[in-house]
Structures are given as C-alpha cells and as structure tokens.
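# Topology and contacts: notes
What follows is each chain in one-letter form.
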Amino acid sequence: MVWLVILAALLLMVSPVMWLKPSPRQRRIVPLRNAAAKAGVKVVLEKPPLHGTSTAMPGYRWSYPSDAPGPRFLLVRASEASDVLKPSVADWRWRIEPLRPLPGAANEPLEALLTRLPQDALVVESNEFAITLWWWESQTAERFLSYVKDFRQLRDALAGHADHRRAKPAFGQEISRD
C-alpha cells in the first residue's frame, strides 16, 4: 500500500512536467519560424482575410521598403473562395484584384509561387506595407526556404507600384513633380 502511495505521489509530480513537453507540431514549427526570421520574414498570428474565420492564423510577411509601397490585392485558394470570384493562376481566385496590371517582372514569380504553394496556403495578400502568405505551416523549414527567393523577387518587383501616390513625401524627401 505504501508503494502505491509513493507511486501516486511521483505521478502527480511528473504529470505537470509532461504537459510542458512540446508536441510534435510545436517541435516542427519552432525551426520553421526561426528559419523564416533568419530569412527576414516576419511571422504574425492574426485573423486572416477569410470570410467566416475568426481564429488566428500564421501569416508570413515580407515588408515593402517604406519609400516604395506595394499594390493592394488578395488571392484566395479556390477551395476557400466563392465560384463568383474571378479565377487567377492554378486553383487561386482574386478576391481583390490590383487596380492596375501587375508589372511584368512580378507575373512570373507570382505564378511560380501560386503553383508551388502547399494546399494549406489559403491566402496571398498584398497591401502598401507588405506581402503576406497566410498558411497553416504544414511544411518543414527547408521546404519553406525554397519559397523565400520567389517571394523576395515578387516583393522587389511589386515595390513602388502602389495603387495610389503618396499624398506627402517621406520625411526629408522632395516632392516629385513627374
């Protein structure tokens, strides 16, 4: 009987430690997010721009330079989008199309990304500040790093192609009269 009490006491002491042990998903995500941070990608947990989704989702964000804002558009995976939305490349649909056609240098990396992204990548969003990939982090760090070059190329091609001109120049810059 004494041994049973000792065993129960040991189990009570060890059980909280077992809860602190990371899950297999957590062990996979930590190297993924570390690799993303080293590659200059900001990881955010926010509500994605999907209808009917109220839970936070990981977003991997590549920022545009502050003096070269990007265009606004929103691409949604067809499985998450209405059939009414205009089709884009592969199984993606435009929820918000860019006001002006994207530059030619941006079309190739965008198409390459849209055809290669994993099935859990649900949204590619661009606004004047950044381009963001909303996904459920299904892949390893090595596989994710294969997308980084295309996202950088896309970001660099879209930088400076904002939908509207800035009302005021950045601090210390002259107003351009072109």
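Each chain has its residues counted from 1, following the order in which its sequence is written. The model is predicted, so local features are restricted to residues of pLDDT at least 70 and side-chain atom pairs to those at 80 or more, both for listing and for counting; the totals for chains, interfaces and linings are taken over all residues. To obtain the side-chain values, all non-hydrogen atoms of the structure were included, while hydrogens and water were left out.

Per the convention used, a helix needs a DSSP run of H or I reaching at least four residues, while a strand needs a run of E reaching at least two, with both numbered from the N terminus. The number of helices and strands found in the protein is four helices and seven strands. For the protein, the sequential pattern of α-helices and β-strands runs α-α-β-β-β-β-β-α-β-β-α. Taken against the 2.2 N^0.38 rule, which gives 16 Å for 178 residues, the C-alpha radius of gyration of the protein at 22 Å runs more than 25% over that of a compact globule. Judged by the C-alpha coordinates and their principal axes, the protein covers about 90 × 45 × 30 Å. Expressed as a percentage of its 178 residues, the buried residues of the protein come to 38%. Taking the contacts inside the protein whose residues are at least 6 apart along the sequence as the reference set, 65% of them involve residues at least 24 apart. Charge assignment: positive for Lys and Arg, negative for Asp and Glu; neither His nor the chain ends contribute. Charge coordinates come from a single atom per side chain, which is NZ of Lys, CZ of Arg, CG of Asp or CD of Glu. Of the charged side chains in the protein, 24 are positive and 18 negative; the average position of the first set lies 6 Å away from that of the second. The globule rule used for comparison is 2.2 Å times the number of residues to the exponent 0.38, while the radius of gyration itself is calculated over C-alpha atoms. Relative accessible area decides the class of each residue, using a 1.4 Å probe on protein chains only: under 20% of the type maximum gives buried, over 50% gives exposed, and in between gives partly exposed. Whether two residues are in contact is decided by their heavy atoms, any of which lying within 4.5 Å being enough.

Residues that lie three or four places apart on an α-helix share one face, since the helix turns once every 3.6 residues. Here helix H4 (residues 141-158) is 18 residues long and its end C-alpha atoms lie 25 Å apart, about the 26 Å a rise of 1.5 Å per residue gives. The largest bend in H4 is about 25°, located at Tyr147. Of the residues making up H4, those classed as buried are Ala141, Phe144, Tyr147, Val148, Asp150, Phe151, Leu154, Arg155, Ala157 and Leu158. Residues of H4 that are buried in the fold lie against helix H2 (24-38), strand S2 (57-63), strand S3 (73-77), helix H3 (104-116) and strand S7 (130-135). In the stretch just after H4, Gly160 is the one whose phi turns positive, near 85°. To estimate the expected span of a helix, subtract one from its residue number and multiply by 1.5 Å. Note on bend: at a given residue it equals the angle between the axes fitted to the 7 residues ending there and to the 7 starting there.

Turning our eyes to something else, we now look at the packing of aromatic side chains. Only rings of Phe, Tyr and Trp enter the pairing, Trp through its six-membered ring, and a pair is recorded when the two centres are within 6.5 Å. The plane angle decides the type: under 30 degrees is stacked, over 60 is edge-to-face, the rest tilted. Using the criterion set out here, one finds six aromatic pairs in the structure. Ring plane angle 15° and centroid distance 5.9 Å describe the contact between Trp135 and Phe144, whose orientation is recorded as stacked. By the ring-pair criterion, three or more aromatic residues cluster together here, those being Tyr60, Trp62, Trp135, Phe144 and Phe151.

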